[in-house]
Amino acid sequence: MSTLKVQNLSVYIEDKPILNDFSLEIPYGEVHAIMGPNGSGKSTLSKALAAHPNYDIRNGTAELDGHNLIDMEPDEISRAGLFLAFQYPIEVPGVTIANFIRAAIQARMEESKLFKAVDYYKKLYQKMDDLGIDRKFTARSLNDGFSGGEKKRCEILQMAMLDPKFCILDETDSGLDIDALRVVSAGVNSMRSSNRGFLVITHYQRLLDYIVPDKVHVMWEGKIVRSGDKDLASELESKGYDWIKEELAA
Amino acid sequence: MIIDKKNPATTPAFFSEDYFESFASNHSWEPGWLVDLRKESWATLQEDELVSLKDERWRFSPKSRLSYSHFKSISESSNSINFDHASGSPQNILNTIDNILLDNSDLIADFAEIQGPNLGATQSYHLTNTYFTNGFFLKVSGNQNQKLHLLVNHTCPEERFVTFHKNYVILDDFTEVTLVENFISEDDFSRGGLSNLTHFKIGKGAKLNRILIQNMAEGTSFHNLENFDLHADSLVVNVQCHLGANQSRIETKGNLREPGANFENFSFVSGRGEQLFDQRTEQYHFAPHCSSNLLAKNVLQDEAKSIFAGLIKVDPKAQQTNALQTNRNLLLSRDAEADSLPGLEILANDVRCTHGATTSRLNQEELFYLLSRGIEKKSAESLISLGFLEEIIGKIQDDELTKRIREMVFTHFK
């Protein structure tokens, strides 16, 4: 079975090590959650896998479905099937959501194929309805002036439209009220399938009540220090991260 | 005879006395005032020293690229202007300057007296007044039952030929028109030149929506000088889209002559290769209680270069003026260059005037966001650039036209 396989990954930002000999394997069909305190390297992992230019990968491998992500450009990684839902989606003035998603879909099409606008909008509107996004949003500039919740819904809309093999959700729950959390989680759950994997990065168990993970990992100083089933998230919620810290010190 | 001192061998024939005499003789059928105008302009051209590079009105401009020495001769083809339809109704007249001169020259009796924009390109100005052989005349007089929408195409001549257009647009009081002007080339390889001088006279309470789209072949030269006279409570919304030509000098002046006039001037440049866009503007407030707003946005790839020099000028009696001027540049490559010279000259004491200019490189976080969705770098750049220019394109209230303009910008990224 295909997997997202990360081995011995070391990532630096401006000569400061953030990920240190990090390894993780997620088979398709599974949802894994990574939890950890601020600064433990969770977002660095997501940005590094998506090839953000500020993240310097100095050692290790990352493979998705046979593709070596380390040697690929961000757009190639996306087209290979990896989707990153941003913690802080970027505002792009003047670029409408409809044109943006359309460009992303067209980038995946064979040149000989014709883009069918009617089919595209039918699918787009359906997904927007599912996520409770007003159809007028198609003409709005990408994330420009959106509320936190609107931005996150828009990320999930893109994910649903691009149909990726593997999704990383970087703190998708931050900034969401309880209703938005339900809608966004339902959107993610509807995409769960045996041929798609998920990595959910979060601080809180709350999200994992809605998107129930197969495995939970705890990240500390750039490494996975503990793994378990969904009960690990509950344990973290009740005991806090100090518990892990004490165990590691012991 | 004016000789290019650096390169006398390349001085075009139309700078010689013999050429002018022969040209004047061929145009002796024209009304006396026009014969005089051509002679005076020719004489002024002789007197004018070649403009020194130190002239502030040419600051940052590689002036040699905008000279006329690239051309061999003048194209007098009458095909260089055409309309979607000519109109001869008493309420609105749209025709070539030639036809107006032949049949209705009283309409343009003041043609010789109007001046401007006079923002530095004196050689272009006098050459155009000397040698214009084509142009259009538009006069809108009566109230329209339906919105008047007119299209004029200007075609740049073939390799090494230059053509001169002089145009005159008159909106009588309380009239309204949308005027779209396309500047195009006969083919993609034509390397001729087009010099275009237009006077706009906007009557009391009149409204002009003007859209200029310059997409000439990239080897061509474009000189565009335009002067707007706005009378009481009139409104001009002028949107200029510059994509083509290897080098352009663009001068736009709005004269707010009477209270309540409003001049809205928007423009964009999409430059690539070695394209040069030299833009000079002036918002001149003569009268109180007028508004003017200018927004110029430029996107530059490769080694493209833009110059923006804009001036807001407010006379002592033009109290309660509200004038804005903004220039924003987006550079997509290390070798692209944008120079900006915003300026204010305010002699009244009760005004609100602001000006500003910014030049920025492509936002790497925006670029990464688009790349992370699988969009290739060139497409991502074009999307971000188009988004940047949308503030200008969005001023055009015509879906068909805006769609065409967006496609033109997209093709600049292929």
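On a predicted model such as this, the values are computed, not experimentally measured, just so you know.

Caption draft 1: Molecular detail of the overall build of chain B. Looking only at helices and strands, chain B features seven helices and 20 strands. Computed over its C-alpha atoms, the radius of gyration of chain B comes to 21 Å, within 12% of the 22 Å expected for a compact globule of 414 residues. Projected onto its principal axes, the C-alpha coordinates of chain B cover approximately 65 × 50 × 45 Å. Per-residue burial for chain B yields a buried fraction of 59% across its 414 residues.

Caption draft 2: Structural context of the domain arrangement of chain B. Residue and element names in this part refer to chain B. In terms of domain boundaries, chain B breaks down into domain 1 (8-361) and domain 2 (363-414). Domain 1 and domain 2 are separated by 27 Å when their C-alpha centres are compared. Contact residues are listed per partner, giving 28 residues for domain 1 and 21 residues for domain 2. At the boundary of domain 1 with domain 2, the tally comes to one salt bridge. Note that Glu391 and Lys297 form a salt bridge whose closest N and O atoms lie 2.6 Å from each other. Counting only elements with at least two residues in the side of domain 1 that touches domain 2, the list comes to β8 (176-185), β10 (207-214), β12 (235-242), β14 (262-271), β16 (291-300) and β18 (322-331). The element best represented in the side of domain 1 that touches domain 2 is β14, accounting for six residues. Here the side of domain 1 that touches domain 2 is composed, by residue class, of 13 nonpolar, ten polar and five charged.

Caption draft 3: Broad picture of the side chain of Ser195 of chain B. Residue and element names in this part refer to chain B. Mapped onto the elements of the fold, Ser195 is located in strand β9 (residues 193-202). The exposure class assigned to Ser195 is buried, which follows from its relative accessible area of 1%. With near-sequence residues (within four places) excluded, Ser195 lies in contact with Tyr68, Thr128, Thr163, Phe164, His165 and His223.

Caption draft 4: Looking closely at the interface of chain B and chain A. With 17 residues of chain B in contact, the opposing surface of chain A contributes 31 residues. The contact between chain B and chain A buries some 1900 Å² in all, and 67% of this surface belongs to carbon and sulfur atoms. Interface area lost by chain B to chain A is led by Phe368, Tyr369 and Arg373 of chain B, which between them contribute 41%. Scanning the region where chain B abuts chain A turns up one salt bridge. Measuring nitrogen to oxygen at the nearest pair gives 2.7 Å for the salt bridge that ties Glu155 of chain A to Arg373 of chain B.

The rules behind these values
- Sequence order as written defines residue numbering, which begins from 1 separately in each chain.
- All chains are assigned letters beginning at A, and all ligands numbers beginning at 1, according to the order in which they are written.
- Only residues with pLDDT of at least 70 get local features here, since the model is predicted, and only at 80 or more are side-chain atom pairs given and counted; chain-wide, interface and lining totals rely on the full set of residues.
- Computation of side-chain values covers all heavy atoms of the structure but excludes hydrogens and water.
- Counting from the N terminus, the helices are the DSSP runs of H or I reaching at least four residues and the strands are the DSSP runs of E reaching at least two.
- To get the radius of gyration, use the C-alpha atoms; to get the globule rule, take the number of residues to the power 0.38 and multiply by 2.2 Å.
- Burial classes: relative accessible area under 20% of the type maximum marks a residue as buried, over 50% as exposed, and values in between as partly exposed (1.4 Å probe, protein chains only).
- Delimitation of the domains relies on an automatic or database domain assignment.
- Contacts between residues were defined by any pair of non-hydrogen atoms, one from each residue, lying within 4.5 Å.
- Salt bridge criterion: a side-chain nitrogen from Lys or Arg within 4 Å of a carboxyl oxygen from Asp or Glu.
- For this classification, the nonpolar set comprises Ala, Val, Leu, Ile, Met, Phe, Trp, Tyr, Cys and Pro, the charged set comprises Asp, Glu, Lys and Arg, and every other residue, Gly included, is treated as polar.
- The term buried area denotes the loss of accessible surface (1.4 Å probe radius) that occurs when two parts are joined, taken as the sum for both partners.

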